[in-house]
Amino acid sequence: KKTIRDFDFNDKTALVRVDFNVPLKDGVVTGDDRIVKAIPTIDYLVENGAKVVLVSHLGRPKGEYKEEFSLAPVAKRAAELLKKDVKFIPSKEVVDVKVIEEVKNLKSGEIALLENLRFVKGEEKNDPDFAKKLASLGDIFVNDAFGTAHRAHASNVGVTEFLPSCAGLLVEKEIKYFEDALKNPEKPFAAILGGSKVSDKIGVIENLLEKVDVLVIVGAMANTFLKSKGLEVGKSLVEDDKLDLAREIMAKATENHVEIILPKDVIVAPELSDNAKGTLKKVEDVGQDDMILDIGKESLKDIEGSLSKAKTVVLNGPCGVFEIEEFSHGTIELVKILAKLDATVIVGGGDSVAAVEKAGVADKLTHISTGGGASLEMLEGKKLPGIEAVEEA
Ligand code: 3PG
């Protein structure tokens, strides 16, 4: 397995896949965590004399050019964060003769960013012709796009067929934290899973039931568990076809001596809207017209108690409808609890990471993953194609 340290980058062109799929509003980057976390690799390459060609996707433009998906604002933000010039080399085809020429003219230590890879259909199809075109730009391929590692696309898998390849420093670090937590966790090991659907997390639950001591289930997926225990969930989001599955999971947990923690109290509203007002209720008191939208104080206390001795904790997914302020408190209070623990704490998933930032506790947690889907697949115990490709190259 080669690392970035095994290559001589001096005067070489490093083609670097990053995940600069960041939130934008009115052409301005509103969350730059993924850019910040790519800096160590970019700095390393610059310091070692490489010409750095960054490639990324942004959003889902579905294989055609759309101005609002341009990486131009990201190039600007990256330059500010790196405190270095980042030459944006735009082309609707990502790679064309002009781009090739401009990349050739880069000098050692210079950084360029190309246009959104997903403007080209071949990217998501892992088309070998597009992969070859990309590869023709560089001498060495570095994959530092952990957030995209669960995709098998031309820019992270296909390209490794054509260039000597390695993982970047961010990918290395992400894998280390997830692997350490999953293979050899310091016990007690607790997982907190939230989000809307049991069906999205079933692979994670199955894998973690073999490893954890405590499994906390929050978010709308908890509704399915509450209903499977005979509780009223009113108008809440629930997966009726997963009630048996929820019972099986709870039975399996008992068999494996895994303590399952479900919400004890919840915030309900008559409907989900931006100005809905929440009411605190015990789960036993939820009525037919209630919609469960967050967890309550007693639940948080209960979770805090069950985590007090934990030495390893993973969190993925929100406790409620995080994007609406009124129902974001459970998630924010939960990450504050995690920040106080004397434990290795790993957080993944967009809403959970946003909650960490909102609560201002990022520096008190061990690892905040840049992966949403990718971190879930790590927790499922899956091999990620983007990582396998560089390992096998
Ligand atoms: C993410 O944000 O999870 C990654 O950048 C992957 O994006 P995708 O889900 O559009 O493939």
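See the structure shown above.
Now for a look at the structure at hand. (Residues numbered from 1 in each chain as written. Predicted model: local features only at pLDDT ≥ 70, side-chain atom pairs only at ≥ 80, totals over all residues. Heavy atoms only, no water.)

### Notes on the layout of surface pockets
Empty space within the largest pocket amounts to approximately 810 Å³. Together, 31 residues line the largest pocket, and Asn21, Pro23, Arg34, Gly350 and Thr370 are the ones closest to its centre. When residues of the lining of the largest pocket are traced back to their parent elements, those giving at least two are α1 (33-36) and α13 (350-359). Ranked by the residues each element gives to the lining of the largest pocket, the list is headed by α13, at 5 residues. Looking at the lining of the largest pocket residue by residue, the classes come out as 5 nonpolar, 16 polar and 10 charged. (1 Å grid on protein atoms, 1.4 Å probe; cavity = no way out; pocket = protein on both sides within 12 Å on 5 of 7 lines; lining within 4 Å. Points joined across faces, edges and corners; volume = space filled by probe spheres on them. Helix = DSSP H or I, 4+ residues; strand = E, 2+ residues; numbered from the N terminus. Nonpolar A, V, L, I, M, F, W, Y, C, P; charged D, E, K, R; others polar.)

### Observations concerning the pattern of salt bridges
Applying the stated criterion across every chain, the model contains 24 salt bridges. Taking the shortest distance from any N to any O, the salt bridge between Glu80 and Arg77 comes out at 2.5 Å. Separated by 3 residues within a single helix, Glu80 and Arg77 lie in helix α3 (residues 72-82), roughly one turn from each other. Exposure remark for Arg77: the relative accessible area of 25% places this residue in the partly exposed category. Where Lys87 meets Glu102, a salt bridge forms, and the shortest distance between an N and an O atom there is 3.5 Å. Of this pair, Lys87 sits in strand β5 (residues 87-89) while Glu102 sits in helix α4 (residues 97-104), placing them 15 residues apart in sequence. Classification of Lys87 by relative accessible area gives partly exposed; the value is 41%. According to the relative accessible area criterion, Glu102 is partly exposed, its value standing at 24%. (Salt bridge = Lys/Arg side-chain N within 4 Å of Asp/Glu carboxyl O. Buried < 20%, exposed > 50% of the residue type's maximum accessible area, 1.4 Å probe, protein only.)

### A look at the nonpolar core
In terms of nonpolar packing, the biggest core is built from 68 residues, with Leu15, Leu114, Ile205, Leu215 and Phe225 touching the most fellow members. Residue contacts for Leu215: discarding those within four places in its chain leaves Ala191, Leu193, Ile205, Leu209, Val258, Glu259, Ile260 and Ile261. If you look at the next biggest cluster of nonpolar residues, it comprises 32 residues, including Leu307, Ile332, Val356 and Val361. (Core = buried A, V, L, I, M, F, W, Y, C linked by side-chain atoms within 4.5 Å. Contact = heavy atoms within 4.5 Å.)

Note that every value here comes from positions in space, so none of it alone points to a role or purpose.
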